[in-house]
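A closer look at the structure
Below, each chain spelled out in residue letters.
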Amino acid sequence: MTKKSRNIIIGVIAAIVIIAIAWFSFGKKADSNQKNHVVTVGIVSESKPKEVIWDHAAALAKKKYGITIKIKNFTDYNQPNKAVKSGDIDLNAFQHYAFLKAWNKANHGGLVAIGRTDINPIRLYSKKYHKLSELPKGATIAVPNDASNESRSLLVLKNAGLITLRKGKALVTVADIVKNPKNIKVKEISADQCGRVINSVDAAVINNDFARPAGLGEKQTIFVEPVNRDSYQWINIIVAKKDQAKNKDYQAVVKCYQTAETKRIQKKYYGNMTRSAWDIKLK
């Protein structure tokens, strides 16, 4: 083999090595970028309206930012925050400020709100009575048993004039009922069960996520939670790990949710049961 031929072969081999290195580097970078642009969002009790809203957000995120949004549905409120904290999902969108605050306190923090979604005035439902005034003495009312939603539900009963609560506490429990003229019996159960027991109690305070699947609406409503400046803690939010609060992909997901189209979809499916909250003014 001549020296010239040897140099040609060496040059070809070197070129192949360089191309291979470049290909693997690019491939890894592409894979990395692809992974970085997939955002998994956890929600609770997937419904048609939520599906439509997130489908719209996903289409916009893909078109405008090259981000793929994947939705993971959970059946109750106990799982989505754990999943974000463990890294199983990137974001969740199912809770309000009060729930997140209580969860962080009980689970050593680590999660923060990165954007608002909506506020859903919760309702007192009954299949036995058509008016609040019809509730008898000794009536049994079911409420969610997690700290924030129980407190919210008791405030609903307070605003309905059924009970009086001890003042000065951020979150209240049944132990904080100081006046109960109708001797209302409060039954504390899991939030996802409140809609299912509606036939066996006189009334129930039920989160909107679970009211629709239980077939409950205007007809069964006997009281609606008022929306005012005290409602701030009940605004629903999109949540991430604290160290990922400024993640550009996550912020893009928030922007794709907070659109005029989302408002239109909410109005179409929920009517006055839901209000967009990213630009709401509470008086």
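Right, let's walk through the structure included here. Everything numeric in this text was worked out from a predicted model, so none of it was measured. (Residues numbered from 1 in each chain as written. Predicted model: local features only at pLDDT ≥ 70, side-chain atom pairs only at ≥ 80, totals over all residues. Heavy atoms only, no water.)

**Details of the packing of aromatic side chains**
The description of an aromatic ring pair uses the distance of the two centres, along with the angle that the planes make with each other. The final tally for this structure, using the stated rule, is seven aromatic pairs. With 5.7 Å between their ring centres and 35° between their planes, Tyr-77 and Phe-94 make a pair best called tilted. Taken together, the residues span a long stretch of sequence, with Tyr-77 in the loop between strand S2 (68–74) and helix H3 (80–86) and Phe-94 in strand S3 (residues 91–96) at a distance of 17 residues. Taken individually, Tyr-77 and Phe-94 each receive the classification buried, so the pair is uniform in this respect. Taken together, a centroid distance of 4.7 Å and an interplanar angle of 15° make the contact between Tyr-97 and Tyr-232 stacked. Placement of Tyr-97 in helix H4 (residues 97–106) and of Tyr-232 in the loop between strand S12 (221–224) and strand S13 (236–241) is noted, with a sequence separation of 135 residues between them. Grouped by ring-pair contacts, the aromatic residues Tyr-77, Phe-94, Phe-99 and Phe-210 constitute a single cluster. (Phe/Tyr/Trp six-rings, centres within 6.5 Å; stacked < 30°, edge-to-face > 60°. Helix = DSSP H or I, 4+ residues; strand = E, 2+ residues; numbered from the N terminus. Buried < 20%, exposed > 50% of the residue type's maximum accessible area, 1.4 Å probe, protein only.)

**As for the pattern of salt bridges**
One pass over the structure, following the stated rule, counts six salt bridges. The partner of Lys-169 in a salt bridge is Asp-176, and the shortest N-O contact between them spans 3.2 Å. Residue class for Lys-169 comes out partly exposed when judged on its relative accessible area of 44%. The network of salt bridges with shared partners includes Arg-166, Lys-169 and Asp-176. (Salt bridge = Lys/Arg side-chain N within 4 Å of Asp/Glu carboxyl O.)

**Some details on the side chain of Ser-153**
Among the secondary structure elements, Ser-153 is positioned in helix H5 (residues 147–159). There is a polar contact of 2.8 Å between the side chain of Ser-153 and the backbone oxygen of Asn-149. (Polar contact = N/O pair within 3.5 Å; in protein donor to acceptor, adjacent residues only side chain to side chain.)

**Concerning the nonpolar core**
Among the nonpolar cores identified, the biggest contains 28 residues, and Tyr-77, Tyr-125 and Ile-206 are the most heavily contacted of them. Sorting the residues of this core by element identifies H3, H4, strand S11 (203–206), helix H6 (208–211) and S13 as the ones contributing at least two each. Top contributing element to this core by residue count: H4, with three residues. Among residues more than four places away in sequence, those in contact with Ile-206 are Ile-122, Arg-123, Tyr-125, Cys-194, Gly-195, Ile-198, Ala-211 and Leu-216. Counting 23 residues, the second-largest nonpolar core is a separate cluster that includes Val-39, Ile-67, Ala-93 and Ile-265. (Core = buried A, V, L, I, M, F, W, Y, C linked by side-chain atoms within 4.5 Å. Contact = heavy atoms within 4.5 Å.)

**Comments concerning empty space enclosed by the protein**
Any empty space left between the atoms is revealed when a probe the size of a water molecule rolls over them. Inspection of every chain in the model, using the stated rule, returns one cavity of 30 Å³ or more. Reported here for the largest cavity is a volume of approximately 440 Å³. Lys-50, Asp-118, Asn-120, Asp-209 and Asn-236 are, among the 29 residues lining the largest cavity, the residues nearest its centre. It is S3 that provides the largest number of residues to the lining of the largest cavity, a total of four residues. Looking at the lining of the largest cavity, its residues break down into 13 nonpolar, 11 polar and five charged. (1 Å grid on protein atoms, 1.4 Å probe; cavity = no way out; pocket = protein on both sides within 12 Å on 5 of 7 lines; lining within 4 Å. Points joined across faces, edges and corners; volume = space filled by probe spheres on them. Nonpolar A, V, L, I, M, F, W, Y, C, P; charged D, E, K, R; others polar.)

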